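Chain residues, written in single-letter form:
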Amino acid sequence: MEVACLDLVLLLAMLQMIPGVRTLSTHMASIYPQDPVLRMGSNLTASCWVHPDLGVHTSSLFWTLNGQPLASSLYRVLSPNNLSVTLVGLNASRQKSGDNLVCHNHKGHILAGSCLYIGMPPQRPVALTCWSRNTKDLTCSWAPGGRGETNISTHYTLKYKRRWYDEEKKCEDYSVGKPYSCRITRDLYLFTPYEIWVEASNQLGWAVSDVLTLDILDVVTTDPPSGVTVVRVGQLEDQLSVRWEAPPALKDFLFQAKYQIRYRLEDSQDWKVIEDVGNQTSCRLAGLRPGTVYFVQVRCNPVGIYGSRKAGIWSEWSHPTAASTPQTAIVSGSCDSKSSADSNSTLRRELKQFFGWVRKHAYGCSSMSMKMYDQWRGLMQKSHKTRNQVLQGDKS
């Protein structure tokens, strides 16, 4: 079973404390170099020295790397008490706690161990981006540069300062689940530019990202809109009305919000997005399937907050809200099934023509086009009812 380097060190320390286990004491055997840090592809010659009092000849010793015996062709007897091993073209460490290089006696007992840390120096962090939730904080994320993972423990530090004013400060609230993210919650001021950068370091080197300059007001995002409701529009089987409230945390700020809506069928994962609803807090969805459940979400972008000229950042989507359109109404009172079917077919054809016109000329959730549609739909239904009454009169 493979043992992590930290566990190996603890094991050797415990064995030293057990009476009568002198043959396993690290004072009686040692490996040099101890816990080296090496670049990938490097060569390493390590030696295992055994105290003469142990009465162990190096010809009876053997080496393992991560629990696997190393070929004796890699060994070299330096003296009766010193055996070396040479490793060529080392691969990256399997674990950040290091690889186990261990010297054993002929019975397999551990005499001494060393941790090998094999990796690469960090490269310049990239993709540094920041955003502020309701102007109350500043969260930044980035990605490791180059190949990404260095294969050894690498420390990232997010630093920031107000331009022309402060000394640099360090971000302290690093995300547990996201290793390349940190949240600044203090020393933040509006209407002033900040300089932000990331420093990466490990035992093989150091690198720094490009400096990101920003004003918090230019990178504000909000909580999702609240109070989202979706209701039917009378008995119109192809429409739903969506309403919501502006994000509460920004109600006292001067900004021109814009919203997006997306909706999908209950049994589908494909969302249809209405790109720009504008600053209104309601919208009419049209052209829907009758008798169908839809899920609807809304999100907000605080454009021009406090006069900023840059576009804001879209919030997360609100929790899905479900509603269903009414079932298609069944026309009654006509004994002529053929005439009823023909008139229904004509109505559907006219509806299709109208929706084609709406899609071509309307943008987003245009209240004007919906009002025109409601008027047109009422006239069509009234005309359809009149035709049915005439048909019934002819039958009688």
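Conventions used here
Residues numbered from 1 in each chain as written. Predicted model: local features only at pLDDT ≥ 70, side-chain atom pairs only at ≥ 80, totals over all residues. Heavy atoms only, no water. Buried < 20%, exposed > 50% of the residue type's maximum accessible area, 1.4 Å probe, protein only. Helix = DSSP H or I, 4+ residues; strand = E, 2+ residues; numbered from the N terminus. Pairing = 2+ DSSP bridges. pLDDT = per-residue confidence, 0-100. Contact = heavy atoms within 4.5 Å. Polar contact = N/O pair within 3.5 Å; in protein donor to acceptor, adjacent residues only side chain to side chain. Disulfide = S-S within 2.5 Å.

Things to note about the pairing of strand β7 (residues 82–87)
Turning to step 1, where the next piece is worked out: Summarising burial for β7: five of the six residues are buried, a large majority.
Turning to step 2, where the next piece is worked out: With six bridges joining them, strand β3 (residues 44–50) and β7 adopt antiparallel strand pairing. What sits directly across from Thr45, in β7, is Thr86.
Turning to step 3, where the next piece is worked out: Bridging between strand β6 (residues 75–79) and β7 involves four bridges; their strand directions are antiparallel. Its bridge partner being in β7, Arg76 is matched across the sheet by Ser84.

A look at the pairing of strand β1 (residues 29–32)
Turning to step 1, where the next piece is worked out: Only one face of β1 is covered, namely the one carrying Ala29 and Ile31; the face carrying Ser30 and Tyr32 has none of its residues buried.
Turning to step 2, where the next piece is worked out: Both β1 and β3 contribute to a ladder of four bridges, which runs antiparallel. Note on β3: the bridge partner recorded for Tyr32 is Ser47.

Focus: the confidence of the model for the protein
Turning to step 1, where the next piece is worked out: Summarising the model, the protein shows a mean pLDDT of 80, and 74% of its residues fall at 70 or more.
Turning to step 2, where the next piece is worked out: Counted against residues more than four places away or in other chains, residues 9–26, with its pLDDT under 50, gives 19 contacts.
Turning to step 3, where the next piece is worked out: Confidence over residues 330–341 falls short of pLDDT 50; this stretch has nine contacts with residues more than four positions distant or in other chains.

What to know about the environment of Tyr75
Turning to step 1, where the next piece is worked out: Topologically, Tyr75 is positioned in strand β6.
Turning to step 2, where the next piece is worked out: Discounting chain neighbours no more than four positions away, the residues touching Tyr75 are Leu61, Phe62, Trp63, Leu70, Leu83, Ser84 and Val85.
Turning to step 3, where the next piece is worked out: Reaching out from Tyr75, the side chain makes a polar contact with the backbone nitrogen of Trp63 at a distance of 2.9 Å.
Turning to step 4, where the next piece is worked out: Looking at Tyr75, its side chain comes within polar contact range of the main-chain oxygen of Leu70, at 3.0 Å.

Side note on the state of the cysteines
Covalent bonding between the sulfur atoms of two cysteines defines a disulfide.
Turning to step 1, where the next piece is worked out: What the rule picks out here adds up to three disulfides.
Turning to step 2, where the next piece is worked out: Disulfide pairing places Cys130 opposite Cys140 at an S-S distance of 2.1 Å. The S-S bond linking Cys130 to Cys140 shows a torsion near 110°; that makes this disulfide right-handed. Of this pair, Cys130 sits in strand β10 (residues 126–133) while Cys140 is found in strand β11 (residues 138–143), placing the two residues ten residues apart along the sequence.
Turning to step 3, where the next piece is worked out: Given a relative accessible area of 4%, Cys130 falls into the buried group.

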